[in-house]
Each structure stands twice: as structure tokens, then as C-alpha cells.
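Summary of structural features
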Amino acid sequence: MEQANVHTELYTLQLPSKRESITLLEALIEEVADKYQVSEDTFANMMTCLNEAVINAIIHGNKLDPNKTVFVNVEVDGKRIIWTVADEGPGFDYNNLADPTAADRLEELTGRGVFILKHLADQCIFNTSGNQVELHFKI
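In what follows, the accompanying structure is described. Keep in mind it's a predicted model, so treat the numbers as computed, not measured. (Residues numbered from 1 in each chain as written. Predicted model: local features only at pLDDT ≥ 70, side-chain atom pairs only at ≥ 80, totals over all residues. Heavy atoms only, no water.)

Let's talk about helix α2 (residues 40-61)
In this model, α2 (22 residues) spans 30 Å end to end at C-alpha, consistent with the 32 Å of a helix rising 1.5 Å per residue. For α2, every residue scored as buried is listed here: Thr 42, Met 46, Met 47, Cys 49, Leu 50, Asn 51, Ala 53, Val 54, Ala 57, Ile 58 and Gly 61. Of the surrounding elements, those touching the buried residues of α2 are β1 (9-16), α1 (22-35), β2 (69-76), β3 (80-86), α3 (113-120) and β5 (132-138). Following α2 by one or two positions, Lys 63 has its phi on the positive side, about 55°. (Helix = DSSP H or I, 4+ residues; strand = E, 2+ residues; numbered from the N terminus. Expected span 1.5 Å × (residues − 1). Buried < 20%, exposed > 50% of the residue type's maximum accessible area, 1.4 Å probe, protein only. Contact = heavy atoms within 4.5 Å.)

Here it is, written out as C-alpha cells:
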């Protein structure tokens, strides 16, 4: 059986750990979405997830340390877009998080990030230490 020649495109961003870096991320999301004619729903999900993942990496992972970097890689293969966000922090235990939908947590202002990622991305994979997440979106 002959395999089709799948062309993969790669993009990368290295963001300083400050909130303003999010504008560079948003520009890349828009560029990728435009180039690959991503649907509005998928674009909205990508924007929400990537904003959440990068802000968490900047604030919680790198503790807003301007000497630390958040690394964003994008791989596009024609059928899906895979975003990888990594920080230089120690990571966290993503398996033991409080349920943000529990009655006693509904009023909380934080703690929904991982829940959002798992529900809006087609696939959400953390590395063992929890300082890198891979987000898959079908296109």
C-alpha cells in the first residue's frame, strides 16, 4: 500500500515570562488558523486553550520570572494541529486536581485551566512532571 506524502509544517515561539507575551501567541494562532483555514469553532477552542496554557506556564510554571522562557511549538500535518507548551518550572500533579464542577468549587475564580484544556482540545497530553502539555486539534 502506497503512503501519501504528508507535508508537516513546524512553528516555534520562545516567550518571555510576562503577561504581555500573550500577544505574540495570539498572532501565531491567527497566522496558523488563517493559513490552514481552521473553522471558527476550532479557532475559538485553540485560542482559549493556548491562552490558558501559556498564561499558566508564565504565572504558575515560571512564576513570572523574566529570565525564564515559555516554549510553544506547533506541528501541522494537514489533518490536525498539535500545539506543545512547555515552561521551565518544576511542573504540577495534573492527576490530583480539585473538580471545578463540584458544588463547593463553583464560586472559585481559579482552578479551571486543566478542565478547559481537556474539554476544548481533541486531545490533551501532559508530560510526566506536568511542565509540558500537548494539545491536539483536528482540522
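Let's talk about the pairing of β5
Pairing of β3 with β5 involves seven bridges; the strand directions are antiparallel. Note on β5: the bridge partner recorded for Ala 86 is Gln 132. In this structure, strand β4 (residues 123-126) lies alongside β5, joined through four bridges in antiparallel fashion. Each residue of the ladder has a partner; that of Ile 125, found in β5, is Glu 134. In this antiparallel pair of consecutive strands, β4 and β5, the connection spans five residues, and Gly 130 shows a positive phi of 90°. (Pairing = 2+ DSSP bridges.)

Concerning the pairing of β2
Bridge analysis of β1 against β2 gives eight bridges, and the strand direction is antiparallel. Bridge assignment links Tyr 11 to a residue of β2, and that residue is Val 74. Pairing analysis gives six bridges linking β2 to β3, with the strands arranged antiparallel. For Asn 73, the partnering residue across the bridge sits in β3 and is Thr 84.

Overview of the environment of Gly 113
Looking at the secondary structure, you find Gly 113 in helix α3. Taking the C-alpha atoms as reference points, Gly 113 and Asn 56, separated by 57 residues in sequence, lie 7.9 Å from one another. Setting aside chain neighbours within four positions, we find Gly 113 in contact with Glu 52 and Asn 56.

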